[in-house]
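So the chains spell out like this:
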4 protein chains.
Amino acid sequence: MKALVYRGPGFKALEERPKPALQAAGDAIVKITKTTICGTDLHILKGDVPTCTPGRILGHEGVGIVDSVGPGCTSFKPGDHVLISCISSCGKCDYCRRGMYSHCRSGGWILGHTIDGTQAEYVRIPHADTSLYPVPAGADEEALAMLSDILPTGFECGVLNGKVTPGATVAIVGAGPIGLATLLTAQFYSPSRIIMIDLDDGRLEVARRFGATDTIHSGKEDAAAKVMALTGIGVDTAVEAVGIPATFELCQSLIAPGGTIANVGVHGQKADLHLERLWSHNITITTRLVDTVSTPTLLKAVMSKKVDAGSLITHRFTLDRILDAYETFGRAAETHALKVIISP
Amino acid sequence: MKALVYRGPGFKALEERPKPALQAAGDAIVKITKTTICGTDLHILKGDVPTCTPGRILGHEGVGIVDSVGPGCTSFKPGDHVLISCISSCGKCDYCRRGMYSHCRSGGWILGHTIDGTQAEYVRIPHADTSLYPVPAGADEEALAMLSDILPTGFECGVLNGKVTPGATVAIVGAGPIGLATLLTAQFYSPSRIIMIDLDDGRLEVARRFGATDTIHSGKEDAAAKVMALTGIGVDTAVEAVGIPATFELCQSLIAPGGTIANVGVHGQKADLHLERLWSHNITITTRLVDTVSTPTLLKAVMSKKVDAGSLITHRFTLDRILDAYETFGRAAETHALKVIISP
Amino acid sequence: MKALVYRGPGFKALEERPKPALQAAGDAIVKITKTTICGTDLHILKGDVPTCTPGRILGHEGVGIVDSVGPGCTSFKPGDHVLISCISSCGKCDYCRRGMYSHCRSGGWILGHTIDGTQAEYVRIPHADTSLYPVPAGADEEALAMLSDILPTGFECGVLNGKVTPGATVAIVGAGPIGLATLLTAQFYSPSRIIMIDLDDGRLEVARRFGATDTIHSGKEDAAAKVMALTGIGVDTAVEAVGIPATFELCQSLIAPGGTIANVGVHGQKADLHLERLWSHNITITTRLVDTVSTPTLLKAVMSKKVDAGSLITHRFTLDRILDAYETFGRAAETHALKVIISP
Amino acid sequence: MKALVYRGPGFKALEERPKPALQAAGDAIVKITKTTICGTDLHILKGDVPTCTPGRILGHEGVGIVDSVGPGCTSFKPGDHVLISCISSCGKCDYCRRGMYSHCRSGGWILGHTIDGTQAEYVRIPHADTSLYPVPAGADEEALAMLSDILPTGFECGVLNGKVTPGATVAIVGAGPIGLATLLTAQFYSPSRIIMIDLDDGRLEVARRFGATDTIHSGKEDAAAKVMALTGIGVDTAVEAVGIPATFELCQSLIAPGGTIANVGVHGQKADLHLERLWSHNITITTRLVDTVSTPTLLKAVMSKKVDAGSLITHRFTLDRILDAYETFGRAAETHALKVIISP
């Protein structure tokens with residue numbers, strides 16, 4: 001089969017690889033019908049994720065059709081249309097039992113990382129019963145690919161951890177795909193104001209179309225000052241959706257007393273925490289690797305049209321043109337790519 | 001009347017001052033029967049709290065007897081025995097209505113800070129109806145002085161923010177009075193393990209007597225390594241009760257995935273936050289200035305003997321010897337002072 | 001001044017009464033600009049509320065302009081436009097401190113009940129600082145009259161108590177004004193399905209316009225069976241918004257395991273609770289007299305257009321025609337009245 | 001093997017039965033080392049549980065040693081000492097994923113009910129990975145048999161659902177084994193007062209020994225009146241641990257405004273709910289079949305000596321004398337039996 005393979009920092013190739021085989025009783029083999037590329041894939045390609053070794057098929061998102069299942073997989077059968085979670089969850093360990101699937105003792109984020117992933121014709125899914133979800137009748141499967149990672153990440157790490165509530169004020173720092181996913185799902189809770197902050201006018205324009213009440217170009221304006229002007233005391237929830245010290249510090253500048261800073265970004269270095277000011281401000285800071293525990297909720301939200309998951313999709317490619325898809329996704333500033341869909 | 005007055009960095013004096021008078025309709029004048037000294041008073045004396053200006057009567061803790069009340073004070077009358085909260089709360093503003101009395105628009109921590117405090121024969125209490133609590137019949141008033149600040153601080157900022165639960169593991173970094181108050185009140189929730197970490201063998205000995213299951217002298221042992229050895233994956237709750245970058249970093253080293261770091265310490269400088277490691281650990285960090293919203297709960301806990309508040313008291317002085325009290329409290333390493341009681 | 005006075009069961013009159021005067025330090029006198037009639041007023045007129053005695057000016061809803069304030073009222077001054085809460089809250093007692101304003105030791109629902117109410121040219125408001133809310137700049141004051149009682153009742157007793165969440169299923173039994181207020185505010189949380197159940201086709205039509213995804217005429221269809229057909233296992237949240245045993249029993253028939261029945265209706269008699277079936281269904285039942293603790297949230301939601309409060313208003317009258325207003329409101333089945341606005 | 005078999009209403013027998021065999025991939029066969037009798041077993045014997053048919057081996061509690069496992073069981077191996085949960089949980093279905101194991105689509109309470117149970121030499125456990133728990137090193141296995149059902153039931157249905165908090169007041173109606181299990185685990189949260197109500201002086205005596213602060217013999221005293229006298233406004237939490245309408249009504253008489261009635265009892269008939277009084281009292285009523293989701297917490301609490309689970313054990317028998325054990329347990333009023341342990 002064809003597969004996109006990581007070949008070491010800076011290198012990737014579309015290669016011919018053997019179709020994966022069942023290995024454990026709980027495995028399923030899934031034929032991929034839609035997959036996509038994540039910012040994390042770009043990090044791997046830069047060499048930022050040493051636990052991902054050369055030779056690995058990338059990709060941890062997608063929908064597909066069950067091809068075969070092991071004897072321990074009782075919830076799915078060949079032919080079933082399924083959503084693949086970016087997080088593999090055994091459903092048995094202490095972390096899974098607490099809903100922290102991201103820390104599953106024999107799973108977590110392994111797809112396209114420590115085992116082969118979804119940017120291929122087929123993928124092997126461990127713990128299939130608790131890592132796949134049935135595609136609801138009538139669903140737009142392409143849009144559902146947004147539920148593998150990006151929507152649960154925005155929702156769990158940003159919105160739920162950020163405790164967004166009706167009438168509250170929210171700032172989201174970073175209007176890339178993950179910030180926009182946070183913006184889309186924050187509206188489940190009817191905040192009065194959602195302020196998007198970014199350095200790209202195009203993305204801020206998208207944010208306004210997606211429901212942002214206010215946008216700030218932080219290269220042209222003093223973002224913290226503008227947030228204070230808009231809110232008086234700062235925001236109730238600040239979501240960090242970039243992953244660098246400067247944006248995490250910005251969140252500390254615009255959070256109201258009693259507020260929550262929810263980190264979504266993937267950070268490569270430490271950041272300053274201004275405890276000399278914040279120790280007495282009754283704030284909460286959260287971090288989280290997505291658990292995908294909200295997938296059932298998001299499926300219901302998508303099916304009842306509370307969120308238009310497909311609105312994040314800007315480009316479409318076939319698998320044999322996946323290198324073009326990477327090119328388009330990688331040069332997002334120029335291409336205005338958000339999420340790119342790859343079909344067989 | 002006699003009062004302990006801040007005279008600028010490094011200077012304090014026991015002076016004769018006029019008895020305070022009612023100023024606003026909601027005020028009460030309280031005759032102090034028991035007061036005490038807080039670590040924050042030492043910070044003021046070092047010059048660390050510029051909002052406290054020379055000439056200020058110090059002290060924000062105590063119990064006493066109502067001497068007179070303004071026309072707007074309807075819950076108390078002269079002769080009532082009262083507990084004084086370190087936080088003045090109007091009960092009307094948006095923050096008070098949310099239970100964030102620490103950020104009261106016309107109150108918060110003002111006693112012994114921006115208005116004259118309790119280390120005197122009398123004190124004026126603004127917003128008396130919502131800043132004083134009736135002393136329950138049969139209470140040990142001296143022990144109740146621990147409910148002005150130290151017990152609610154340990155309980156709210158450490159235990160409640162830290163989400164201590166039955167069976168959970170807790171580490172408290174710092175076994176000073178505030179760390180010990182956290183230790184005492186953490187036991188309300190029956191954690192399976194409470195590990196106290198400090199540099200003073202005497203305080204660790206007290207901690208064991210107060211219910212710590214394990215103690216670590218962080219000058220003699222690698223505290224993070226020992227916590228990992230005791231718990232396997234780190235603690236569910238880490239309480240920072242010192243207020244310096246090193247101890248806040250230690251908390252980051254010993255927290256389990258999914259755990260909570262609750263900051264109690266007063267910090268004078270920023271600290272490193274290791275987002276490069278913690279971004280994916282599903283942790284929560286909280287800060288809080290005590291709101292004293294838990295005072296009714298703590299009064300019930302003390303009266304039903306769920307906590308021995310008086311156990312924190314090590315020394316007693318009369319007001320005319322308050323300079324000795326400061327001396328004793330300031331040299332705690334030698335005197336083994338925890339809380340010192342000052343009576344008229 | 002003119003006022004609508006309860007004259008004993010079955011009798012009411014528009015009378016000339018003296019303008020109210022300040023009585024306590026915390027009082028305010030408010031000139032009414034908009035008031036409205038509540039189903040509870042009809043209950044009083046039927047004689048169902050013996051604590052309301054003849055001679056009482058009715059009405060517990062409205063907006064107005066502060067005319068005068070007592071010396072203890074520090075948050076408002078003459079000329080301020082204010083929203084009047086149906087619940088008077090002292091802000092000081094144990095219940096108020098817990099957010100249970102409905103059980104305030106010296107307040108609660110007293111307006112138009114045990115003290116004179118708002119269906120008059122002026123009203124005296126006790127505990128004004130904590131029972132009035134400033135009208136935001138630019139607000140539609142008529143619409144804001146819906147925030148005195150009906151919207152917080154639907155939101156607190158139905159939506160918050162019912163724990164409505166994104167993607168969840170909700171059934172509301174009763175599409176009268178209070179059921180519709182629940183419907184409007186339930187949408188703050190983006191449930192996937194809101195099923196309205198009533199006996200009046202006109203109200204079900206309104207419900208569909210207000211956002212119900214499904215409606216059931218319980219006189220023509222088996223409501224429980226239809227809910228099961230729509231949901232498979234019953235609803236996550238069932239809101240009782242009628243107040244009779246039959247509708248409370250219906251809620252028990254359509255609730256899913258793990259679900260919540262939130263009672264909003266005012267009941268005059270006991271109901272059967274089918275513990276022989278429900279003891280093992282992990283359900284929650286809640287009751288509540290509105291606390292109006294959510295008023296600040298609702299003000300933000302109205303001002304940010306998350307809810308169109310004015311959509312509940314169907315008729316308008318001047319105060320001298322308030323008897324016609326009662327007539328219209330009382331014959332809602334024919335007049336299709338929801339809320340009627342009365343202006344001076 | 002020997003097994004206690006239900007032979008239809010009123011009949012049971014100790015019979016010779018074949019040792020159970022593995023049926024599904026996830027099964028384990030466990031050799032029983034300790035089992036016990038539950039009040040539910042008596043209900044079955046009376047014919048109250050028609051879903052339990054004659055020929056069934058009874059018993060849903062116990063500890064034992066794994067004898068063999070199916071290929072899908074990956075967490076246990078022969079020789080492992082295990083605690084058997086009374087609830088079988090697949091870990092995969094929607095209810096299990098929400099922590100509602102009691103409603104597992106292919107499990108729930110099935111042991112000694114719809115499949116053969118633990119009152120035998122061996123038992124087959126379906127979904128073993130998620131229905132067994134490893135016995136911690138050094139545990140008293142006899143005491144651990146209290147964690148199969150009675151302690152999680154008291155804790156989850158009574159204490160957690162009842163929202164017991166530090167300083168709160170609690171009344172437990174019924175001082176049988178399950179009421180006493182509630183009493184023991186309520187103390188994890190340090191309530192200020194726990195009032196036990198029963199008709200048996202012996203059990204009230206045990207309750208005092210187990211930590212009740214007050215006891216009421218409801219046959220000799222007016223229980224509701226006495227609770228009001230003790231608390232002023234009623235209790236914050238009332239636990240129904242009997243299962244008849246009268247005791248459920250008693251809970252309604254002694255609950256404070258804002259309080260929670262947590263039902264633990266198994267009810268055979270409906271009860272009156274006094275909505276005509278309670279509709280405005282802001283109360284919560286909960287029902288629950290134990291989920292055993294708290295088993296990991298309870299294991300930690302037992303191992304750290306926060307609760308003495310073994311204190312519930314009053315009698316011990318060998319399996320060949322299990323009919324005597326039933327006799328002793330059935331005549332608890334005379335024998336003062338709480339829990340009886342049966343060993344091979």
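Small disclaimer: the values here were computed from a predicted structure and weren't measured.

Residue and element names in this part refer to chain C. Listing the buried residues of helix H7 (residues 223–231) in full gives Ala 223, Ala 224, Val 227 and Thr 231. When H7 is viewed along its axis, its buried side chains cluster within an angular range of 100 degrees and face the same direction. In this structure, the buried side of H7 is in contact with strand S8 (169–173), strand S9 (193–198), strand S10 (214–217), strand S11 (235–240) and helix H8 (245–254). The N-terminus of H7 is capped by Asp 222, whose side-chain oxygen sits 3.2 Å from the backbone nitrogen of Ala 224. Gly 232 occupies a position one or two residues after H7 and carries a positive phi of about 85 degrees.

Here we take up the state of the cysteines. In the structure shown here, the tally under the stated rule is zero disulfides over all chains. Here Cys 96 of chain B stays free of any disulfide, with the sulfur of Cys 104 of chain B as its closest cysteine sulfur at 3.6 Å.

Glancing now at the side chain of Ser 294 of chain D. Residues and elements named next belong to chain D. Counting through the fold element by element, Ser 294 comes out in the loop between strand S14 (284–286) and helix H10 (295–303). The class for Ser 294 is buried, based on a relative accessible area of 4%. With sequence-adjacent residues up to four places away left out, Ser 294 is seen in contact with Pro 152, Phe 155 and Glu 156.

All names here are of chain B. Counting buried positions along strand S11 (residues 235–240) yields five of six residues, so the element is predominantly enclosed. Bridging between strand S8 (residues 169–173) and S11 involves four bridges; their strand directions are parallel. Along S11, the bridge assignment pairs Ile 172 with Val 239. Pairing of S11 with strand S12 (residues 255–263), which is carried by five bridges, proceeds in the parallel orientation. From the neighbouring strand, Ala 238 faces S12, where its bridge partner is Ile 261. This β-α-β element, S11 to helix H8 (residues 245–254) to S12, shows right-handed connectivity.

On to the relation of the copies chain A and chain C. When chain A is fitted to chain C, the residual RMSD is 0.0 Å, and the transformation amounts to a turn of 180 degrees plus an axial shift of 0.0 Å. Viewed as a symmetry operation, the transformation between the two copies matches a two-fold axis. Considering only C-alpha atoms, the residue of chain A closest to the rotation axis is Tyr 189 of chain A, which sits at 2.5 Å. Interface overlap between copies: 100% of the residues of chain A at the interface are likewise at the interface in chain C, consistent with a symmetric, same-surface contact.

What follows covers the confidence of the model for chain A. On average, residues of chain A score 97 in pLDDT, and 100% of them are at 70 or above. Quick note on the complex model: pTM equals 0.97, ipTM equals 0.97.

If you look at the interface, chain B gives 36 residues, while chain A gives 36 residues. Summed over both partners, the interface of chain B with chain A buries about 3100 Å², with 57% contributed by carbon and sulfur atoms. For chain B, the biggest contributors to the area lost against chain A are Trp 279, Asn 282 and Thr 287 of chain B; these three give 22% of the whole. The interface formed by chain B and chain A contains 23 residue pairs in polar contact (both at pLDDT 80 or more). At the level of elements, S12, strand S13 (271–273), helix H9 (275–278) and strand S14 (284–286) of chain B are the ones that each hand at least two residues to the side of chain B that touches chain A. By residue class, the composition of the side of chain B that touches chain A is 14 nonpolar, 15 polar and seven charged. In terms of strand pairing, strand S13 (residues 271–273) of chain A meets S13 of chain B through three bridges, oriented antiparallel. Within S13 of chain B, the position partnered with Leu 273 of chain A by the bridge is Ala 271 of chain B.

The 12 strands lie next to each other as S10(C)-S9(C)-S8(C)-S11(C)-S12(C)-S14(C)-S14(D)-S12(D)-S11(D)-S8(D)-S9(D)-S10(D), forming an open sheet whose pairing is mixed. Where the open sheet ends on each side, the last strands, each with one partner, are S10 of chain C together with strand S10 (214–217) of chain D. Here the average twist between neighbouring strands, direction ignored, is 15 degrees. Strand contacts of helix H5 (residues 177–186) of chain C: S8, S9 and S11 of chain C, with the helix running at about 175 degrees to S9 of chain C, the strand carrying the most contacts.

Listed by partner, the interface residues are 12 residues for chain A and 12 residues for chain C. Between chain A and chain C lies a buried interface of about 1100 Å² when both sides are counted; carbon and sulfur atoms form 64% of it. Across the contact surface, chain A and chain C share zero salt bridges. Where chain A meets chain C, there are two residue pairs in polar contact (both at pLDDT 80 or more). Its residues assigned to classes, the side of chain A that touches chain C comprises four nonpolar, six polar and two charged.

If you walk through the whole model with that rule in mind, you get 10 aromatic pairs over all chains. Geometrically, the ring pair formed by Phe 155 of chain A and Tyr 189 of chain A is stacked, given 6.4 Å between the ring centres and 15 degrees between the ring planes. Of this pair, Phe 155 of chain A sits in helix H4 (residues 150–160) while Tyr 189 of chain A is found in the loop between helix H5 (177–186) and strand S9 (193–198), placing the two residues 34 residues apart along the sequence. Residue Phe 155 of chain A shares its accessibility class with Tyr 189 of chain A, and that shared class is buried. An aromatic cluster of at least three residues, connected via ring pairs, comprises Phe 155, Phe 188 and Tyr 189 of chain A together with Phe 155, Phe 188 and Tyr 189 of chain C. A cation over a ring is seen here: Lys 19 of chain B above Tyr 122 of chain B, with NZ or CZ 4.5 Å from the ring centre.

Bringing the sheet that holds S12 of chain B into the picture now. Pairing is mixed across the open sheet formed by 12 strands, whose spatial order is S10(A)-S9(A)-S8(A)-S11(A)-S12(A)-S14(A)-S14(B)-S12(B)-S11(B)-S8(B)-S9(B)-S10(B). Across the chains shown, the open sheet's two edge strands, defined by having one partner strand only, are strand S10 (214–217) of chain A together with strand S10 (214–217) of chain B. Within this sheet the neighbouring strands show an average axis-to-axis angle of 15 degrees, counted without direction. Two strands pair when backbone bridges link them, and S8 of chain B and strand S9 (residues 193–198) of chain B are joined in this way by five bridges, in the parallel orientation. When the bridges of S9 of chain B are listed, Thr 169 of chain B appears paired with Arg 193 of chain B.

We now examine the relation of the copies chain B and chain A. Expressed as a screw operation, the relation of chain B to chain A combines 0.0 Å of axial shift with a rotation of 180 degrees, fitting to an RMSD of 0.0 Å. Of the residues that chain B buries at the interface, 100% are likewise interface residues in chain A, meaning the two copies contact each other through the same surface.

What follows is about unusual backbone geometry. At His 127 of chain B, a position not held by glycine, the phi torsion is positive, near 50 degrees. Mapping His 127 of chain B onto the fold places it in the loop between strand S6 (122–125) and strand S7 (132–134). One non-glycine residue, Lys 163 of chain C, lies in the positive phi region at around 55 degrees.

Procedures and definitions
- Residues numbered from 1 in each chain as written.
- Chains lettered and ligands numbered in written order.
- Predicted model: local features only at pLDDT ≥ 70, side-chain atom pairs only at ≥ 80, totals over all residues.
- Heavy atoms only, no water.
- Buried < 20%, exposed > 50% of the residue type's maximum accessible area, 1.4 Å probe, protein only.
- Helix = DSSP H or I, 4+ residues; strand = E, 2+ residues; numbered from the N terminus.
- Arc of directions from axis to C-beta.
- Contact = heavy atoms within 4.5 Å.
- Polar contact = N/O pair within 3.5 Å; in protein donor to acceptor, adjacent residues only side chain to side chain.
- Disulfide = S-S within 2.5 Å.
- Pairing = 2+ DSSP bridges.
- Right-handed = clockwise from strand over helix to strand, strands pointing away.
- Least-squares fit on C-alpha atoms with pLDDT ≥ 70 in both.
- pLDDT = per-residue confidence, 0-100.
- Buried area = accessible area lost by both parts, 1.4 Å probe.
- Nonpolar A, V, L, I, M, F, W, Y, C, P; charged D, E, K, R; others polar.
- Axes fitted to C-alpha atoms, helices over the stretch in contact; angles between N-to-C directions.
- Salt bridge = Lys/Arg side-chain N within 4 Å of Asp/Glu carboxyl O.
- Phe/Tyr/Trp six-rings, centres within 6.5 Å; stacked < 30°, edge-to-face > 60°.
- Lys NZ or Arg CZ within 6 Å of the ring centre and 35° of its normal.

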